[in-house]
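A structural walkthrough
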Amino acid sequence: MKSRISPDDPFPEDLGRLKDNDVEVLNSKVHREVDHEFATEGEVDPETAARKDEVAGELDDREAGPGLSLVPQQEEDDENEGGAVRADGGR
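Described in the following lines is the structure provided in the data block. Because the structure is predicted, anything quoted here is derived from the model rather than measured.

1. So, the overall build of the protein
- When you go through the protein residue by residue, the secondary structure sums to two helices and zero strands.
- Within the span of the protein, comprising 91 residues, buried residues form 20% of the whole.
- Sequence separation of 24 or more characterises 60% of the internal contacts of the protein that already satisfy a separation of 6 or more.
- Summed over all atoms, the accessible surface of the protein reaches about 7,400 Å², with 46% contributed by carbon and sulfur.

Spelled out as C-alpha cells, the structure:
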C-alpha cells in the first residue's frame with residue numbers, strides 16, 4: 001500500500017460516500033504527498049493542493065455534524081393550519 005497519493009493517482013469523486021476512517025487515511029496520504037512535493041520540488045502541485053482542501057472540507061463538515069433542529073423548518077408560504085401559534089408568535 002502506498003503512503004502517498006500523487007496528483008496522477010485516482011481520487012474519489014464523492015468523499016461523502018467514504019467511511020470516516022477512509023477519509024482520514026486519504027487525508028494522511030494527501031498530506032504526505034504535500035510534504036514530498038514541497039521537499040523535492042519546492043512547491044505543491046495545484047492538483048494536490050486542491051485535493052488537500054477538498055479532504056479538509058469534508059473532515060470539517062463531518063466534525064460539524066448534521067444541522068439539528070428541534071423545530072421543523074417551515075416555508076413562509078406554508079399556511080399555518082389549525083391557528084396554532086408559531087414559535088415567533090405569529091399565526
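2. Focus: the side chain of E58
- As for its placement among the helices and strands, E58 is situated in helix α2 (residues 46-64).
- Sequence-distant contacts of E58, defined by excluding residues within four places in its chain, comprise L15, G16 and V23.

3. A closer look at the nonpolar core
- One finds I5, F11, L15, V23, L26, V30, V34 and V55 forming the largest nonpolar core, which totals eight residues.
- Ranked by residue count, the leading element in this core is helix α1 (residues 20-41), at four residues.
- Not counting residues up to four positions away in its chain, the partners in contact with L15 are V23, L26, E54, V55, E58 and R62.

4. Side note on the pattern of salt bridges
- Scanning the entire structure with this criterion turns up seven salt bridges.
- The partner of D14 in a salt bridge is R17, and the shortest N-O contact between them spans 3.3 Å.
- We classify D14 as partly exposed; its relative accessible area is 39%.
- Classification of R17 by relative accessible area gives exposed; the value is 73%.
- Between K52 and D53 there is a salt bridge whose closest N-O contact spans 3.9 Å.
- You can call D53 exposed: its relative accessible area is 51%.
- A network of salt bridges, in which partner residues are shared, links D20, E58 and R62.

5. Considering the environment of D20
- Mapped onto the secondary structure, D20 falls in helix α1.
- Between the C-alpha atom of D20 and that of R62, which follows or precedes it by 42 residues, the distance is 8.2 Å.
- Separated by 2.6 Å, the side chains of D20 and R62 make a polar contact.

Analysis parameters
- Residues numbered from 1 in each chain as written.
- Predicted model: local features only at pLDDT ≥ 70, side-chain atom pairs only at ≥ 80, totals over all residues.
- Heavy atoms only, no water.
- Helix = DSSP H or I, 4+ residues; strand = E, 2+ residues; numbered from the N terminus.
- Buried < 20%, exposed > 50% of the residue type's maximum accessible area, 1.4 Å probe, protein only.
- Contact = heavy atoms within 4.5 Å.
- Areas by Shrake-Rupley, 256 points an atom, 1.4 Å probe, with all protein chains shown as cover.
- Core = buried A, V, L, I, M, F, W, Y, C linked by side-chain atoms within 4.5 Å.
- Salt bridge = Lys/Arg side-chain N within 4 Å of Asp/Glu carboxyl O.
- Polar contact = N/O pair within 3.5 Å; in protein donor to acceptor, adjacent residues only side chain to side chain.

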